[in-house]
Every structure is written in structure tokens, then in C-alpha cells.
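# Residue-level structural notes
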Amino acid sequence: MSASPNNTKVVVLGAGPGGYAAAFHAADLGLDVTLIDRRAKPGGVCLYEGCIPSKTLLHTARLIHEARDAADWGIDFGQPKIDLDQLRKHSAGVVTKLTGGLGALSKQRKINYLVGDAAFADPTHVTVSSNGDTQTIECDNAIVATGSRVATIPIAPDSPRVMDSTDALMIPDIPKSLLIVGGGYIGLEMGCVYSALGAQVTVVEMLPELLPGADRDLVAHLHKRLNKDFKQILTSTKVVEMTDTGDAIAVKLSGVDVEPEQTFDKALIAVGRRPNTENIGLDEAGVELDAKGFITVDINRRTNVPNLFAIGDVAGEPMLAHKAAHEGRVAAQTIAGDPAAFDPNAIPAVVFTDPELAWCGHTEATARAAGIPHKVANFPWAASGRATTLDRNDGLTKLIIDPHSERIIGVGIVGVHAGEMLSESVLAIEMGALVSDMAMTIHPHPTLSETIMEAADVFFGHSAHYIPRQPRTRKS
Ligand code: NAD
């Protein structure tokens, strides 16, 4: 039950997926909401230069790969002809459609949407500056949702040949050779896009493995496929020097068995993101940061200043849109006087590469590191009928299970459409589902989601389609 409509004035700084979710929810709860952003419509990095354009391009990349693979299935589409102008126009059209929709939803909720740079003057006043004009808004509560920006490396030269993710999403051209520094979410997703479009992609990752947060057996499937699609994947490797030679980017690399001097047409730096906590008057408001530079928040996303809240990328890892949106709802509910807490058992993560990699709850690595007893039940997609019909047996579904309670405490999936499959696992973990619940839940056949049920069957030694080397027999 929400609080009755009141005149509480809430200002939300930043209209990304965290900020607009917070503002929309606060308005739905009857609060008087002002939402401030530099852009004319809500959406933030996610819609304008992140999740949405990258997923639009990744869909195109998938299509190119499927058309190529279709030759083996008896349909030869020939070489794709790529019209970059049309591709950019299509991607921009998707962004315009979605941000326009959000603008309309904001208006329908009678939110006061202001365009400009927002900053606290003190805990109850926010200034909004635009084109030399400044206005001051009074508020009872405010929610900081100013997001994050791309990080860079000091050795990267200021050159049009060196891109960040925003530049890369514009697809200014298709370089013959592309160096990607960073083997995380952005590096690998954009690597998939550019390699499908025809670039020879080299990924340099300083750590020994790609995607450090995910389990190694899942990443291994992705790595195997990317080894075919990319020219080189250089792990445990550092870029020590980077120079624009006028017609190329020359780099010096330090790593084992790595050609130490290489040149590329272009480079993309994808080494993480930094929270946007500067120039928004946090000092004036008295808001504290933690040692990593994130705003300190409690379970309600309240900062050390009682009327101020922070959500999304400024309030800590993981920097994911869906985490920000949920935090936004919690902050809005708390301000409205409703009971609320941000205390999830599982935050889903999806890397939209080909194949996709998705996980939630504990990974095997986090369970091991925390000393949590666990068993793992794997179902390889080589045994999945649906994966075989798609000619995509390169996948694995794994459950992490508490051996005492037999609760599912984590799920990891690598394979096509893994991201679309993940939500039932998040629900299972949030509901405290037992592995037997998953095994007894009838999944439609033939689907990839059956692999989750079959992984549960593997735990009991009952999988119809897969017999592990050492089948586990159920304890009585
Ligand atoms: P990331 O943290 O995922 O990956 C950065 C990688 O760069 C890491 O593996 C790190 O070890 C490596 N690295 C750092 N410095 C390096 C150096 N000097 N040389 C070589 N490697 C180096 O960061 P990202 O890919 O930039 O993405 C930023 C954030 O944006 C992510 O953490 C994620 O939260 C978010 N994001 C999410 C999605 C999604 O949900 N699908 C997609 C894109 C981005």
C-alpha cells in the first residue's frame, strides 16, 4: 500500500534508467517530482550510448553470423553488403523511439522535466544551469542518479583513431584492424559487433582471463567461439605504449608469447567506468563518498544526509541498468513512506556476446571464495535438442546448489539467448527454490530453458539426455 498523495517535493538528478525509474515511481506514488538531465528526453547512457544502441548493433551482428552459418543448412545468402549510413540510422531510430516514449511517459505523469546541469547548493536546494541561465529548485528529498562515464588509460593518445564506447557505437567506419583494450563487457560486446562487420579484432586484457567476474567454465565456451571470430585474444597482456603514427595506432605490448610491437587502424579503450560524483555539489550538500569514490548509501539507498538518496552507478557496483532501476524504486518508496529495502539475493548479469553469458546469485568462484559449501550441476548444451536444432551446441547451464538445504544459490548460463533465459533462475533464487522445484517444474519442449530443468535433474542423477561421468545419486 503506498502512502497517500502528498506534496513532498522530490528532485531527481539524472534521467538514466535509475533516475527515470525513480522519478516515474515517485510520481506514481503521488509525490511532486522534478527530473533533471542534460538531454532533452530521459534515457541516460543506457539508451543514448550504451545498452540500447549496442544491443541493436549486436542483433545485426547475430544476423550476419546466422546468415553465414545458414550456408551449412542449405541457404546461401552470399556476402552481406553493409550500408553503414543505414545501420547508423536504424540504431539512432531505435534510440529516438525509446527516448521519445520515455518523454511521453514523463509528461503523462506530470513530472517537471528540466534540461540542464543539476548541482546541490545545499541539501534542500538544487540549481539547474542551462545556456547561461540558472534556476534554483527547492526540495524535501533528492535522489542522485548521475551515473558513470568511461574510464581511460593515461597512455592513450588524444586521436580520432582512439575510441571510447560512445565513439565506437557511432560506427564511424569499419577499420581493417581494431585493437580493443579491456576484455570485459564492453570490449567483448563491441568486439562481436566490429568482427561481424568485417574488422580484424584484437583484444588485450591485463588479467589472465576474459570477464573476470564470471565462472571460468562458462567463459571457456565464449572464449572458444571468440578465438574463431577474433584475430587475437591476448590475456595477461598490457599495452605499455600507444602512438598515433598518422595512419595507424602503433602499440607496444607486454605479455608472454605476444608480438611486442603491433599496429592497428583503430583502438577502442574499454577498461571500466567511473561514477559521476564531481560538479554536482555533493560537498555543498554534505554527501559522503566511500574509498572507491561511490556515494555511501544504506539499505534504503539513503546517503549520510537523511533527505538525500543515491542510486545506480554512483552508488556502487555492479554498474547495471536493472540494478539502478530497482534501487530507484526503493528510494522512491522510502521517500513516500512505504516499507522498502534494496536487499536482493540475486542481481542478474548478462554479457550480450555471441554466445551470451548470463549469471545470477553465487558463481562457483564467489561461493568458493566465501567458503560456502556448494555442489555444481552442469548440463552441457551438446545434450540439448533445442540447441542442436539451432546448430548452437556451444553452451552450458550450471546450477550452484547448497548441499544441505538443496536450495539453488546461483545459476550460470553460456549460450545463445542465455540472457533471455536467466530470469526464471533469478526468481528461483529470490523465492528460495529447491533444486527439486526446478526439476519438477515442467519446462516446454523443445526449448533452451529445459537445460535449467535438466541441470536440476543432473543433480539427482536423473537427467534423461545427459549422463555425467560420475552420476550423483541422491542422498536419502
Ligand atoms: P569491465 O569492468 O567489464 O571490463 C574492463 C576490463 O578491462 C577488465 O577485464 C579489466 O581487467 C580490463 N582492464 C582494465 N585496465 C586495463 C588495461 N590498462 N589494459 C588491459 N585491460 C585492462 O568494464 P567495461 O567493459 O568498460 O564496462 C563498464 C561497465 O559497464 C561494466 O562493468 C558493466 O557494469 C557495464 N556494462 C554492462 C553491459 C551489460 O550489462 N551487458 C554492457 C556494457 C557495459
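Residues numbered from 1 in each chain as written. Predicted model: local features only at pLDDT ≥ 70, side-chain atom pairs only at ≥ 80, totals over all residues. Heavy atoms only, no water.

## Remarks on the site of the ligand
Neighbouring the ligand are 23 residues; Ile186, Glu205, Gly272, Met319 and Val350 lie closest to it. Contacts to the ligand include Glu205, whose side-chain N or O atom sits 2.6 Å from an oxygen atom. Within the backbone of Val350, an N or O atom sits 2.8 Å from a nitrogen atom of the ligand. Contact with the protein chains covers 81% of the free accessible surface of the ligand, which is 830 Å². Take the shell around the ligand: its biggest share by element is 4 residues, from helix α6 (residues 185-197). Considering only residue class, the shell around the ligand consists of 14 nonpolar, 5 polar and 4 charged. (Near = heavy atom within 4 Å. Polar contact = N/O pair within 3.5 Å; in protein donor to acceptor, adjacent residues only side chain to side chain. Areas by Shrake-Rupley, 256 points an atom, 1.4 Å probe, with all protein chains shown as cover. Helix = DSSP H or I, 4+ residues; strand = E, 2+ residues; numbered from the N terminus. Nonpolar A, V, L, I, M, F, W, Y, C, P; charged D, E, K, R; others polar.)

## Things to note about the packing of helix α1 (residues 17-28) against helix α9 (residues 321-336)
Interhelical geometry of α1 versus α9 gives an angle of 30° and a closest axis separation of 7 Å. Taken together, α1 and α9 sit at an angle that is classed as roughly parallel. In terms of crossing hand, the pair formed by α1 and α9 is right-handed. The residues of α9 that touch α1, namely those facing Pro17, Gly18, Ala21, Ala22, His25 and Ala26, are Ala321, Ala324, Ala325, Gly328, Arg329, Ala332 and Gln333. Classifying every residue of the contact of α1 with α9 gives 8 nonpolar, 4 polar and 1 charged. (Axes fitted to C-alpha atoms, helices over the stretch in contact; angles between N-to-C directions. Parallel < 35°, antiparallel > 145°, perpendicular 65-115°, else oblique. Left-handed = near helix turned anticlockwise from the far one by under 90°. Contact = heavy atoms within 4.5 Å.)

## Some remarks on the packing of aromatic side chains
Scanning the entire structure with this criterion turns up 3 aromatic pairs. Measuring from ring centre to ring centre gives 5.3 Å for Tyr20 and Phe24, while their planes differ by 50°; the resulting arrangement is tilted. Here Tyr20 pairs with Phe24, and both are found in helix α1, just 4 residues apart, close to one helical turn. We classify Tyr20 as buried; its relative accessible area is 19%. Taking 6.0 Å as the distance between ring centres and 85° as the angle between the ring planes, the aromatic pair formed by Phe379 and Tyr466 counts as edge-to-face. A residue pair is termed long-range when its members are at least 10 positions apart, and Phe379 in strand β21 (residues 375-380) and Tyr466 in the segment after α15 (450-460) qualify at 87 residues. (Phe/Tyr/Trp six-rings, centres within 6.5 Å; stacked < 30°, edge-to-face > 60°. Buried < 20%, exposed > 50% of the residue type's maximum accessible area, 1.4 Å probe, protein only.)

## Considerations on the pattern of salt bridges
Applying the stated criterion across every chain, the model contains 23 salt bridges. For the salt bridge of Glu209 with Arg216, the shortest nitrogen-to-oxygen distance reads 3.6 Å. Among the residues examined, Glu209 registers a relative accessible area of 34% and is labelled partly exposed. Bridged by salt links that share partners, the residues Arg68, Asp69, Arg225, Asp229, Asp354, Arg392 and Asp394 form one connected network. (Salt bridge = Lys/Arg side-chain N within 4 Å of Asp/Glu carboxyl O.)

## A word on unusual backbone geometry
Here the residue pair Glu317 and Pro318 is connected by a cis peptide bond, since its omega of -5° sits within 30 degrees of zero. Among the secondary structure elements, Pro318 is positioned in the loop between β18 (308-310) and α9. In the segment running from Asp354 into Pro355, the intervening peptide bond is cis, with an omega of 0°. Locating Pro355 in the fold gives a position in the loop between β19 (349-351) and β20 (356-361). In this structure, His417 is a non-glycine residue whose phi angle is positive, near 65°. By the secondary structure assignment, His417 is in the loop between β23 (408-415) and α12 (418-421). With a relative accessible area of 33%, His417 lands in the partly exposed category.

## Structural notes on the sheet that holds strand β3 (residues 112-115)
Ordered in space as β3-β2-β1-β7-β18, the 5 strands form an open sheet in which the pairing is parallel. Since the sheet does not close on itself, it has two edges, and those belong to β3 and β18, each with one partner. On average, each strand axis in the sheet is inclined to that of its neighbour by 20°, with strand direction left out of account. As paired elements, strand β7 (residues 141-144) and β18 share 3 bridges and run parallel to each other. (Pairing = 2+ DSSP bridges.)

## Here's the deal with the nonpolar core
Membership of the largest hydrophobic core comes to 39 residues, with the highest contact counts inside it found for Leu188, Val193, Tyr194, Val201, Leu211, Phe230 and Leu357. Per element, the largest residue contribution to this core is 7 residues, and it comes from α6. Each residue touching Leu188, except ones within four places of it in the same chain, is listed here: Gly183, Val203, Leu210, Leu211, Leu222, Leu226, Phe230 and Thr353. In terms of nonpolar packing, the next biggest core, distinct from the first, is built from 32 residues, Leu399, Ala428, Ala433 and Met438 among them. (Core = buried A, V, L, I, M, F, W, Y, C linked by side-chain atoms within 4.5 Å.)

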